[in-house]
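One-letter residues, chain by chain:
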Amino acid sequence: MSSTPPRTATHAVPPTGGNSAAPHDPDPDREAGPVLVEVAQATAVLGGRTIWAGVDAAVAAGEFVAILGPNGVGKSTLLKAILGLTPLAAGTVRLLGRPPGQANHQVGYLPQRRSFDASLRVRGVDVVRLGLDGDRWGLPIPGRRSRAATARVRELVELVGAAGYAHRPIGQLSGGEQQRLLIAQALARAPRLLLLDEPLDSLDLPNQAAVAALISRIARAEEVAVVIVAHDVNPILTYLDRVIYLGPGGAVSGTPAQVITSATLTTLYGTPIEVLSTSDGRLVVVGQPEAPALHTDRHGTRP
Amino acid sequence: MTGVFSWNLIADIRDMWSVAFMVNAFRAGTIVAVLAALVGWFMVLRRQSFAGHTLAVVGFPGAAAAVWAGLGVAYGYFGFCLAAALVIAALPQRGNRGYTEQSAVIGTVQAFALAAGMLFIALYGGFLGGTSALLFGSFLGITQSQVLILALAAVATLVVLALIGRPLLFASIDTDVARAHGLPTRALGTAFLLLLGATAAEVSQITGALLVFALLVLPPATAQLLTARPAASLTLSVALALVTVWVALFVAYYSPYPIGFWLTTIAFGLYVLAYAAVAGRARLGTRATHPIAAGA
Ligand SMILES: Nc1ncnc2c1ncn2[C@@H]1O[C@H](COP(=O)(O)OP(=O)(O)O)[C@@H](O)[C@H]1O
Ligand SMILES: [Mg+2]
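Residues numbered from 1 in each chain as written. Chains lettered and ligands numbered in written order. Predicted model: local features only at pLDDT ≥ 70, side-chain atom pairs only at ≥ 80, totals over all residues. Heavy atoms only, no water.

Describing the overall build of chain A
Okay, step 1: Across its full length, chain A carries eight helices and 12 strands.
Okay, step 2: Once local pairs closer than 6 in sequence are excluded, the contacts in chain A between residues at least 24 apart make up 69%. (Helix = DSSP H or I, 4+ residues; strand = E, 2+ residues; numbered from the N terminus. Contact = heavy atoms within 4.5 Å.)

Take a look at the structure:
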C-alpha cells in the first residue's frame, strides 16, 4: 500500500472539529436506539490478502452513518460482510441481532456503481418491483397481493420522485434517475436499515446534493437507519450523525468533527495526514494513502 | 416442394393438413415455438445468446452420434446439449453477468462440436442427406412419438421456468441485490443453462443446429424491442415465434426451399419491421420507449 504515492482527497467537516477522538466513541448527546449492526474485531481476507483487520463498528436505529476511507480500503467489503455476502476471516458480525445473512429481508442494499446496460429493456418500475417480491418462487398470480404490490411500487416511485420516468426502460435513464429508482428498490420491503454503497458516485454535483437530501428526508420519514459509503463526504456532511473511518488496521468512529482530524487520521493510517480547513467551512484531507486497487474498483466488475 | 399451391389459402391449408407428417410438423413447430420464445426471452435478457448457440451446435454431434449408434436422434440432442450446459455452467464466472470472458472457451467448444459431428457422420457413412437436415432443419417425417417427446420435454422445461422465472429475472438484471435477498444466483444460472440446453435440443430438431437463432433469439429480441413490460414482452415473443413457425411451415410445404431458410427469413423480417416501426415512432416524436403493443 505504501508503494503508491499519497493522493489528496477532499473531505470536509465543520471547522469546529476537535483534534483527538477516542475510537468507538459515540456522540454522547444522541439518544441511541437498539443496535442494528455490530461488527467486532473483524478481519476480511480476499484473494489471500488481508483487506482490513480488527475492525469494530456499530450502528444504532435511526442513525445516519457514513463509512469513509480511500478507494480500495475495503468499504464495500465491509458492507458485504455485514450482509453475509463475504465471509469474515476472523471476528463477528451481527445484523439486527442475528448472524449475517439471516436478517437481510429487513435491510435495503444498494451495491456500488450499478448502471444498467443501455439496451436493457426492462422498466424502472419492474426493477423496483423486484426489490419487493423478486425473490418469490413461482408465477405472480393476479389478485389482491399483486394489486398491493403494484400500489406499493407506485408509492415508492412517488417517494423518490421518479414518477415521471419510472415507466421507461431503466437502461435509458440518467445515472441520477437510475439511482433514485434503486433507492426506491432498496426501500421496497420497508427495511429498518439501508446500506448504500457510494450512491452519489458518478452523479454530477447538483444531483449529488439532491440525492443526498432525498436519502436524508426518506431516512427520517420512514424511520430507517442509513449506512452510506462515500469517497467524498461533502455532499452528505450536514446529514451525518456519525462517521466510521476505515483503515487497514481498524476503524475509527465518532462525529465527523471528532474523526476527520489530522491526529486521528494520522494514527489510523500510520502516515502523516493533514486536515485543512477552507474558507467556506470545508476541510481537505491531504496525504491520504490510496490503496492499490483503485482502477479495478473503478469498473465494479467483481462479483 | 411437397404440395401444389393453388392460391386458395383455405384449400391449401386443408390440403397440407391432410398429410399426416405436416400435422405432426405443426404440432412440433408449435411446441418448439412456445418453448423457444419463453426460454429465449431470458437468454436475450441475460446476454447468453452465444452460449445458446453453442448448446445448439453441440446438438449436431449429439444427433450424429445417436444416428451412428442406432439410437433415436432425440437422445443424442438432449444428452449432448444438457451435458454441454453443465460444462458451460462449470466455467469460472467473472463479472456480474454475461460470458464475455469465456467466449473463447465457448467458441472452442463450438468448433470442436462441429468437428465431432462431422466425425460421427464419417463413421456412419452414407448419411449425407441427413447432414443438411441436422444442420439446417427439416420438417419431413416428424413422427407422433417425436412430437410426444418434444411435448413432454417442453412441459418439463416450462414448469421449471415458471417456478424460477421471477428470481431468475431478478438474478439476471440485478445479481448483487438478488444475492443479498438470499437468492442462489449461481445455482439459478446453472438451472437456466440446463433449461437452455433442453430448449436448444428441442429447437435444433426443427430448425437444425445452425439456425436455432431463428426461434431462440429473433422473436424475443423483437418483442423486447417493442415493449419493455416483461409480461407483455413474453407474450409478444410467443406470438411472434408462433407466426414465424406457422408461416414458415406453410411456405416451406409449397416451396422448394428448406424450412430453416423460411424460419430465419420470416423471423428476421419481423425483427426488421419492428426496428423500423420503433425508429419511425422515435422520429415522429412519440417516445420509442413507450410500449407499442401494450396489450399484446
Ligand atoms: N473478490 C475479491 N477477490 C480479491 N480481492 C478483492 C475482491 N473484492 C475486492 N477485492 C479487493 O479488496 C480491496 C477492497 O475492495 P473494496 O471493498 O471494493 O474497497 P472500497 O469499496 O473501499 O473501494 C481492494 O483492494 C479490492 O481489489
Ligand atoms: Mg467500494
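Next comes the rest of the account.
Re the pattern of salt bridges
Residues and elements named next belong to chain A.
Okay, step 1: The final tally for this structure, using the stated rule, is seven salt bridges over all chains.
Okay, step 2: Measuring nitrogen to oxygen at the nearest pair gives 2.9 Å for the salt bridge that ties aspartate 126 to arginine 123.
Okay, step 3: Using a relative accessible area of 12% as the deciding quantity, one classes aspartate 126 as buried.
Okay, step 4: The closest approach of N and O atoms between aspartate 133 and arginine 129, which form a salt bridge, is 3.0 Å. (Salt bridge = Lys/Arg side-chain N within 4 Å of Asp/Glu carboxyl O. Buried < 20%, exposed > 50% of the residue type's maximum accessible area, 1.4 Å probe, protein only.)

Focus: unusual backbone geometry
Residue and element names in this part refer to chain A.
Okay, step 1: Notably, leucine 96 is not glycine yet its phi reads approximately 50°, a positive angle.
Okay, step 2: Along the chain, leucine 96 turns up in the loop between strand 5 (90-95) and strand 6 (107-110).
Okay, step 3: Despite not being glycine, glutamate 198 has its phi angle at roughly 50°, a positive value.
Okay, step 4: Tracing the sequence through the fold places glutamate 198 in the loop between strand 7 (193-197) and helix 5 (205-221).
Okay, step 5: For glutamate 198, a relative accessible area of 5% translates into the label buried.

Side note on the coordination of the magnesium ion (ligand 2)
Residue and element names in this part refer to chain A.
Okay, step 1: Bound to the magnesium ion (ligand 2) are the protein donor atoms Ser76 (OG) and Gln112 (OE1), situated 2.0 to 2.2 Å from the metal. With a gap of 36 residues between them, serine 76 in helix 1 (residues 75-83) and glutamine 112 in the loop between strand 6 and helix 2 (124-133) connect regions that are remote in the sequence. The same class applies to serine 76 as to glutamine 112, namely buried. (Donors = N, O, S within 2.8 Å, 3.2 Å for Na, K, Ca; no water.)

Structural notes on the confidence of the model for chain A
Residue and element names in this part refer to chain A.
Okay, step 1: Of all residues in chain A, 84% attain a pLDDT of 70 or more, and the chain-wide mean is 83.
Okay, step 2: Every residue in residues 1-30 scores below 50 in pLDDT, and together they form 77 contacts with partners more than four places removed in sequence or on other chains.
Okay, step 3: Counting interchain partners and residues more than four positions distant, the pLDDT-below-50 stretch residues 292-303 has 21 contacts. (pLDDT = per-residue confidence, 0-100.)

Thoughts on helix 3 (residues 144-159) of chain A
Residue and element names in this part refer to chain A.
Okay, step 1: Taking 1.5 Å as the rise per residue, helix 3 with 16 residues should run 22 Å; its terminal C-alpha atoms sit 22 Å apart, in good agreement.
Okay, step 2: Listed as buried for helix 3 are Ser146, Ala149, Arg152, Val153, Leu156 and Val157. The buried residues of helix 3 occupy an angular sector of 135° when projected down its axis, which confines them to one face. Of the exposed residues in helix 3, those oriented more than 90 degrees away from the buried face are Arg144, Arg147, Arg154 and Glu158.
Okay, step 3: Tucked into the core, helix 3 has its buried residues touching helix 2 and helix 4 (175-186). (Expected span 1.5 Å × (residues − 1). Arc of directions from axis to C-beta.)

Considerations on the environment of isoleucine 228 of chain A
Residue and element names in this part refer to chain A.
Okay, step 1: Its location among the elements puts isoleucine 228 in strand 8 (residues 225-229).
Okay, step 2: Sequence separation between isoleucine 228 and glutamate 198 is 30 residues; the distance between their C-alpha atoms is 6.8 Å.
Okay, step 3: Excluding residues that lie within four positions of it along the chain, isoleucine 228 makes contacts with Phe64, Val65, Ala66, Ile67, Leu196, Pro199, Ile215 and Ile236.

Focus on the packing of helix 3 (residues 49-69) of chain B against helix 9 (residues 185-207) of chain B
All names here are of chain B.
Okay, step 1: As a packed pair, helix 3 and helix 9 sit with axes 8 Å apart at the nearest point and diverge in direction by 50°. Taken together, the axes of helix 3 and helix 9 are oblique relative to one another. For the pair helix 3 and helix 9, the sense of crossing is right-handed. Together, Ala51, Gly52, Leu55 and Ala56 of helix 3 and Leu193, Leu196, Gly197, Ala200 and Ser204 of helix 9 make up the contact between the two elements. (Axes fitted to C-alpha atoms, helices over the stretch in contact; angles between N-to-C directions. Parallel < 35°, antiparallel > 145°, perpendicular 65-115°, else oblique. Left-handed = near helix turned anticlockwise from the far one by under 90°.)

What about the sheet that holds strand 2 (residues 35-46) of chain A?
Residues and elements named next belong to chain A.
Okay, step 1: Spatial strand order, 3-2-5: three strands in an open sheet with antiparallel pairing. Looking at which strands have only one partner, the edges of the open sheet turn out to be strand 3 (49-60) and strand 5. Each strand axis lies, on average, 15° off the axis of its neighbour in the sheet, ignoring direction.
Okay, step 2: Sheet topology note: the strand 2/strand 3 ladder contains eight bridges and is antiparallel. Its bridge partner lying in strand 3, valine 35 is registered against alanine 60.
Okay, step 3: Seen against the sheet, helix 1 touches strand 2, strand 3 and strand 5 and runs at an angle of roughly 120° to strand 2. (Pairing = 2+ DSSP bridges.)

Describing the sheet that holds strand 8 of chain A
All names here are of chain A.
Okay, step 1: Taken together, the six strands give an open sheet; going across it, the order is 6-7-8-4-9-10, and neighbouring strands pair in mixed fashion. The strands lining the two open edges of the sheet, one partner per strand, are strand 6 and strand 10 (250-254). Strand-to-strand twist of the sheet, defined as the mean angle between neighbouring strand axes without regard to direction, takes the value 15°.
Okay, step 2: Across five bridges, the pairing between strand 7 and strand 8 is parallel. Within strand 8, the position partnered with aspartate 197 by the bridge is valine 229.
Okay, step 3: Contacts from helix 7 (residues 262-269) reach strand 9 (242-247) and strand 10 within the one sheet, and its direction differs from that of strand 9 by about 35°.

Describing the pairing of strand 4 (residues 64-68) of chain A
Residues and elements named next belong to chain A.
Okay, step 1: Of all five residues in strand 4, five are buried, a share of seventy percent or more.
Okay, step 2: Alternating residues of strand 4 divide into Phe64, Ala66 and Leu68 and Val65 and Ile67, and every residue in both groups is buried.
Okay, step 3: Here strand 4 pairs with strand 8 via four bridges, running parallel. Along strand 8, the bridge assignment pairs alanine 66 with isoleucine 228.

Describing the interface of chain A and chain B
Okay, step 1: Contacts between chain A and chain B engage 34 residues on the former and 31 residues on the latter.
Okay, step 2: A combined buried area of about 3,100 Å² lies between chain A and chain B, and 57% of that area is made up of carbon and sulfur atoms.
Okay, step 3: When residues of chain A are sorted by the area they lose upon contact with chain B, Arg121, Leu130 and Trp137 of chain A head the list and together hold 24% of the total.
Okay, step 4: The interface formed by chain A and chain B contains two salt bridges. (Buried area = accessible area lost by both parts, 1.4 Å probe.)

Topic: the environment of proline 220 of chain B
Residues and elements named next belong to chain B.
Okay, step 1: Along the chain, the position of proline 220 falls in helix 11 (residues 218-226).
Okay, step 2: What makes proline 220 buried here is its relative accessible area of 0%.
Okay, step 3: In this structure, proline 220 is in contact with Ala36, Ala37, Gly40, Trp41, Val44, Leu215 and Ser237, ignoring residues within four places of it in sequence.

Remarks on the packing of helix 1 (residues 9-17) of chain B against helix 12 (residues 230-254) of chain B
Residue and element names in this part refer to chain B.
Okay, step 1: The interhelical angle for the contact between helix 1 and helix 12, taken along N-to-C directions, is 85°, at an axis separation of 11 Å. Here helix 1 lies roughly perpendicular to helix 12, going by the angle between them. For the pair helix 1 and helix 12, contact is made by Leu9, Asp12, Ile13, Asp15 and Met16 and by Leu249, Phe250, Tyr253 and Tyr254, respectively.
Okay, step 2: Across the contact of helix 1 with helix 12, the residue classes tally to seven nonpolar, no polar and two charged. (Nonpolar A, V, L, I, M, F, W, Y, C, P; charged D, E, K, R; others polar.)

Regarding the packing of aromatic side chains
Aromatic rings considered in pairs are described by the distance between their centres and by the relative angle of their planes.
Residues and elements named next belong to chain B.
Okay, step 1: This structure, assessed with the given rule, holds 15 aromatic pairs over all chains.
Okay, step 2: With a centroid separation of 6.2 Å and an interplanar angle of 80°, the aromatic rings of phenylalanine 5 and phenylalanine 250 are classed as edge-to-face. In this pair, phenylalanine 5 is assigned in the segment before helix 1 and phenylalanine 250 in helix 12, connecting sequence segments 245 residues apart.
Okay, step 3: When its relative accessible area of 32% is taken as the criterion, phenylalanine 5 is described as partly exposed.
Okay, step 4: Residue phenylalanine 250 is classed as buried on the basis of its relative accessible area of 15%.
Okay, step 5: Ring centres of tryptophan 68 and phenylalanine 120 lie 5.6 Å apart, and the angle between their planes is 35°; this geometry places the pair in the tilted category. You can see tryptophan 68 sitting in helix 3 and its partner phenylalanine 120 sitting in helix 5 (residues 103-124), a full 52 residues away along the chain.
Okay, step 6: A relative accessible area of 42% means that tryptophan 68 is categorised as partly exposed.
Okay, step 7: Grouping aromatic residues by their ring pairs yields a cluster made of Phe5, Trp7, Phe250, Tyr253 and Tyr254. (Phe/Tyr/Trp six-rings, centres within 6.5 Å; stacked < 30°, edge-to-face > 60°.)

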